[in-house]
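Reading the structure
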Amino acid sequence: MTQIAQTAVCNRHHSVEQQLCRWLLLTLDRAPPGELIMTQALVASMLGVRREGITEAAGNLQRAGVIRYRRGHIAVLERSALEARVCECYAVVKQELIRLLSDVKGHQYIGASLARGSVGR
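Predicted model only: the values in this text are computed from it and were never measured. (Residues numbered from 1 in each chain as written. Predicted model: local features only at pLDDT ≥ 70, side-chain atom pairs only at ≥ 80, totals over all residues. Heavy atoms only, no water.)

1. Details of the overall build of the protein
The number of helices and strands found in the protein is 7 helices and 3 strands. Ordering the α and β elements of the protein from the N terminus gives α-α-β-α-α-β-β-α-α-α. The buried share of the protein, reckoned over its 121 residues, is 38%. Contacts in the protein between residues far apart in sequence, at least 24 positions, make up 60% of those at least 6 positions apart. About 7,000 Å² of surface is accessible on the protein, with carbon and sulfur atoms providing 57% of the total. (Helix = DSSP H or I, 4+ residues; strand = E, 2+ residues; numbered from the N terminus. Buried < 20%, exposed > 50% of the residue type's maximum accessible area, 1.4 Å probe, protein only. Contact = heavy atoms within 4.5 Å. Areas by Shrake-Rupley, 256 points an atom, 1.4 Å probe, with all protein chains shown as cover.)

2. Quick word on the environment of R51
Here R51 lies in helix α4 (residues 51–63). A relative accessible area of 40% places R51 in the partly exposed class. Here the alpha-carbon distance between R51 and A41, two residues 10 residues apart in the chain, equals 5.3 Å.

3. Topic: the pairing of strand β3 (residues 73–76)
Note: strand β1 (residues 36–37) against β3, 2 bridges, orientation antiparallel. In the sheet register, I37 faces β3, and the bridge partner there is H73. For strand β2 (residues 67–70) and β3, the ladder comprises 4 bridges, and the chain directions are antiparallel. By the bridge assignment, R68 is partnered in β3 with A75. (Pairing = 2+ DSSP bridges.)

4. Some remarks on the packing of helix α2 (residues 16–30) against helix α3 (residues 40–47)
One can describe the packing of α2 onto α3 by two numbers: an axis separation of 11 Å at closest approach and a directional angle of 100°. In this view, α2 runs roughly perpendicular relative to α3, as classed from their interaxial angle. Residues Q19, L20, R22 and W23 of α2 pack against V43, M46 and L47 of α3. In terms of residue class, the contact of α2 with α3 is built from 5 nonpolar, 1 polar and 1 charged. (Axes fitted to C-alpha atoms, helices over the stretch in contact; angles between N-to-C directions. Parallel < 35°, antiparallel > 145°, perpendicular 65-115°, else oblique. Nonpolar A, V, L, I, M, F, W, Y, C, P; charged D, E, K, R; others polar.)

5. Some details on the packing of helix α1 (residues 2–13) against helix α6 (residues 89–102)
Direction vectors running N to C along α1 and α6 enclose 180°, while the axes themselves pass 10 Å from each other. When the axes of α1 and α6 are compared, the pair comes out roughly antiparallel. Along its contact with α1, which presents T2, Q3, Q6 and C10, the element α6 presents C89, V92, V93 and E96. Class assignment of the residues belonging to the contact of α1 with α6 gives a composition of 4 nonpolar, 3 polar and 1 charged.

6. A word on the side chain of R22
Within the element layout of this structure, R22 appears in helix α2. One buried charged side chain, R22, makes no salt bridge at all; its nearest oppositely charged neighbour is E88, positioned 9.9 Å away. (Lys, Arg positive; Asp, Glu negative; His and termini not counted. Salt bridge = Lys/Arg side-chain N within 4 Å of Asp/Glu carboxyl O.)

7. Describing the sheet that holds β2
Backbone hydrogen bonds hold the strands of a sheet together, and the pairing may be parallel or antiparallel. Read across the open sheet, the 3 strands follow the order β1-β3-β2; overall the sheet is antiparallel. Bordering the open sheet on either side are β1 and β2, each of which pairs with just one other strand.

8. So, the side chain of Q40
As for its placement among the helices and strands, Q40 is situated in helix α3. On the accessibility criterion, Q40 (12% relative accessible area) is buried.

Here you go:
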């Protein structure tokens, strides 16, 4: 519920670049390390924005050396730089997930992997 509510707020009040950063970080927290195989059209659909907005945001992140993007493949090169660009929505969702998973026996790996790095800004 927290993620749904926070996503709605984020989509209304934050830039496409911040939304893309949030989505990338949340996806990285839940996926094995490495490249994400995802087209700009699919990311745009998931965020509810136009593909051109994702193209521009991904281009900005790539020029800044934060990600490497090539047709359908996104690699995060500097997670800390991505965390510096993300809105506070990422930290809210991450903290809630850590809180919830800390009460669930057997999910220490997930909680530990989410706790890596800074909590975001």
